[in-house]
Amino acid sequence: MRITTWNVNSIKQRVGHLLGFLDEAKPDVVCLQELKCQDASFPRAEIEAAGYAVETLGQKAYNGVALLVRAPLQYTQLLRGLPGDAEDEQARYIEALVHGEGTAPVRIASIYLPNGNPAPGPKYSYKLAFMARLRAHARALMATEEALVLAGDFNVIPEPEDAADPTAWTQDALFLPETRRAFRALLAEGFTDGLRACEPSAGLYTFWDYQAGCWPRNQGIRIDHLLLSPQAADRLVSASVQRHLRGLEKPSDHVPVTVELSDG
């Protein structure tokens, strides 16, 4: 099972890139973030025609997450929204149990964790509260001992080697010590960083800002992650970054990241 996470930074602007990627890589499950559209505006017909079932949690102009599941895989137990705050209206979390004949089930979540800037401030407080809710929910899921993958744009630079220039990020919410501590606390629930488990070297990035020539100068950061429970990590075959998609015309500032799991 090939599972991809990709912040597309507006699905309406990037649907052609997405369809090209689906045809090229044929991932089994795709976790999308930053759709920037409501559910009714999502280009469902085009993606269903490519062989994928679609579930979205959209929001006008901001946020938005989706799960795409390629036939003949199926999904059940859909959850739209992160538990823990009934008043949270931001569209940042969608989860389902994905399964198929001959393939052991995997619970997969698409997550768009808050950016948190400026910090300190209300946006940063929301980021940390969201991370605490995510950790609590992840702990509950871990107790089921299912294969679980938390995939998405976490807006967290875990370590200095995950940034081309870490000194440029020391005052940013993505790299503040409290952010990184919260991310390590989530990992400590028993998760494996899927990409790092396969590719430990520095210089591995998933995001390049549109400004200041970051892409041609390779001034990137790694903020898109796939976190695997022990049951999923036992099935990990490979992990990769589809870096070439950042070089397309009018690209997202993020690129897809993919892990492959054995059938189990």
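Residues numbered from 1 in each chain as written. Predicted model: local features only at pLDDT ≥ 70, side-chain atom pairs only at ≥ 80, totals over all residues. Heavy atoms only, no water.

Here we take up the overall build of the chain. Regarding its fold elements, the chain presents six helices and 12 strands. Here the chain has a C-alpha radius of gyration of 17 Å; the compact-globule value for 264 residues is 18 Å, and the two agree. Projecting the C-alpha coordinates of the chain onto the three principal axes gives extents of approximately 50 × 45 × 40 Å. Looking at the chain residue by residue over its 264 residues, the buried ones come to 53%. Long-range contacts, defined here as pairs at least 24 residues apart, represent 69% of the contacts in the chain between residues at least 6 apart. (Helix = DSSP H or I, 4+ residues; strand = E, 2+ residues; numbered from the N terminus. Rg over C-alpha atoms; globule rule 2.2 N^0.38 Å. Buried < 20%, exposed > 50% of the residue type's maximum accessible area, 1.4 Å probe, protein only. Contact = heavy atoms within 4.5 Å.)

Among the secondary structure elements, Ser-238 is positioned in strand β11 (residues 236–241). Sequence separation between Ser-238 and Glu-48 is 190 residues, and the spatial gap between their C-alpha atoms is 27 Å. In this view, Ser-238 contacts Cys-198, Thr-258, Val-259 and Glu-260; residues no more than four positions away in its chain are not counted.

Here we have six strands laid out as an open sheet, ordered β5-β6-β7-β8-β10-β9, and mixed in their pairing. Each having just a single partner strand, β5 (74–80) and β9 (192–193) make up the two edges of the open sheet. Lying over the sheet, helix α3 (residues 122–142) contacts β5, β6 (93–100), β7 (103–112) and β8 (148–153), oriented at roughly 25 degrees with respect to β6. Where helix α4 (residues 177–187) meets the sheet, it contacts β8, β9 and β10 (224–228), and its direction lies at approximately 30 degrees from that of β10. (Pairing = 2+ DSSP bridges. Axes fitted to C-alpha atoms, helices over the stretch in contact; angles between N-to-C directions.)

In this section: the UniProt feature "domain: Endonuclease/exonuclease/phosphatase" (unreviewed entry) in the chain. Per the UniProt record, the feature "domain: Endonuclease/exonuclease/phosphatase" (unreviewed entry) sits at residues 5–254. Annotated as residues 5–254, this span is 25% helix and 26% strand, and its ends, taken at the C-alpha atoms, are 10 Å apart. (UniProt positions renumbered as here; feature names shortened; annotations may be inferred.)

What follows is about the side chain of His-99. Inspection of the secondary structure assignment puts His-99 in strand β6. Reaching out from His-99, the side chain makes a polar contact with the side chain of Thr-76 at a distance of 3.2 Å. Residue contacts for His-99: discarding those within four places in its chain leaves Leu-73, Gln-74, Tyr-75, Thr-76 and Pro-105. (Polar contact = N/O pair within 3.5 Å; in protein donor to acceptor, adjacent residues only side chain to side chain.)

For any two aromatic rings, the description comes down to two numbers: the centre-to-centre distance and the angle of the planes. This model, assessed by the stated rule, comprises four aromatic pairs. Residues Trp-6 and Phe-21 carry aromatic rings whose centres are separated by 5.6 Å and whose planes lie at 70 degrees to one another, so their mutual orientation is edge-to-face. In this pair, Trp-6 sits in strand β1 (residues 2–7) while Phe-21 sits in helix α1 (residues 11–25), placing the two residues 15 residues apart along the sequence. In this structure, Trp-6 and Phe-21 share a single accessibility class: buried. Each ring, one from Trp-208 and one from Trp-215, has its centre 4.9 Å from the other, and the planes form 85 degrees; the classification is edge-to-face. (Phe/Tyr/Trp six-rings, centres within 6.5 Å; stacked < 30°, edge-to-face > 60°.)

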